[in-house]
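Here are the chains, one letter per residue:
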Amino acid sequence: MTRTVSLSYEYDACPDRLWRLVTDLAMLEPLSNGLVTFRGLPEGRLTRGQCLDIAVSPFGRLPWRPYVIKVLDRDDDTRRFHTLEYGAGIDRWEHWLSVSETRSGSRLSERIEISAGAMALPVSLWAGFMYRTRHRVRRRLLGLSQSQDAT
């Protein structure tokens, strides 16, 4: 069974600045806020066609597990990316993210479709928690107040 997590957040920040933050691989671990740690992440930004063969560890304390992130698309003009991920007990983790301009700054919208067999429900709940945490960390990294919530 596939589960879907959809989130949308608004930021009082330039959309290009937010886009740079969410496509910078060096920000993946800080954005995960200790919930997941990564081994083998390259430097730079997500790149269309890139295949990241890495390892992940929940909380940095559980055993390291192989994990693959394939960047199916990244478009700087439309500020969108699409990844296909798998490993560490996940059959398929497909992630679409876009950043758009708003009157007061920018909106980040993302959808994650998760296939993980019998673990699909708990994994999707975990994903929702992790991505809500990333919102708070993004706000801090952008130097914004912590008062805005998900829409």
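Residues numbered from 1 in each chain as written. Predicted model: local features only at pLDDT ≥ 70, side-chain atom pairs only at ≥ 80, totals over all residues. Heavy atoms only, no water.

What follows is about the nonpolar core. Residues Tyr11, Leu18, Trp93 and Ile114 are the most contacted members of the largest nonpolar core, which totals 36 residues. Breaking this core down by element, the ones donating at least two residues are β1 (2-11), α1 (15-23), β2 (36-39), β3 (51-58), β4 (65-75), β6 (90-102), β7 (105-115) and α3 (120-141). Beyond its immediate sequence surroundings of up to four residues, Leu18 is in contact with Tyr11, Val99, Ser106, Leu108, Arg138 and Leu142. (Core = buried A, V, L, I, M, F, W, Y, C linked by side-chain atoms within 4.5 Å. Buried < 20%, exposed > 50% of the residue type's maximum accessible area, 1.4 Å probe, protein only. Helix = DSSP H or I, 4+ residues; strand = E, 2+ residues; numbered from the N terminus. Contact = heavy atoms within 4.5 Å.)

To continue, consider the side chain of Thr23. Following the sequence through the fold, Thr23 ends up in helix α1. Among the polar contacts made by the side chain of Thr23, one reaches the main-chain carbonyl oxygen of Trp19 at a distance of 2.9 Å. Once residues within four sequence positions are removed from consideration, Thr23 is found in contact with Gly44, Arg45, Leu46, Arg74 and Phe81. (Polar contact = N/O pair within 3.5 Å; in protein donor to acceptor, adjacent residues only side chain to side chain.)

With that settled, the discussion passes to the sheet that holds β6. Spatially, the 7 strands line up as an open sheet ordered β1-β7-β6-β5-β4-β3-β2, and their pairing is antiparallel. What marks the edges here is a single partner per strand, and that holds for β1 and β2. Strand after strand, the sheet turns through a mean of 25 degrees between neighbouring axes, direction not considered. Judged from the 8 bridges that link them, β4 and strand β5 (residues 80-87) form a sheet pairing that is antiparallel. By the bridge assignment, Val71 is partnered in β5 with Thr83. Across the sheet, α1 is in contact with β1, β4, β5, β6 and β7; its angle to β6 comes to roughly 160 degrees. Contacts from α3 reach β1, β2, β6 and β7 within the one sheet, and its direction differs from that of β1 by about 10 degrees. (Pairing = 2+ DSSP bridges. Axes fitted to C-alpha atoms, helices over the stretch in contact; angles between N-to-C directions.)

What follows concerns α1. Those residues of α1 not exposed but buried are Pro15, Leu18, Trp19, Leu21, Val22 and Thr23. Buried residues in α1 make contact with β1, β4, β5, β6, β7 and α3.

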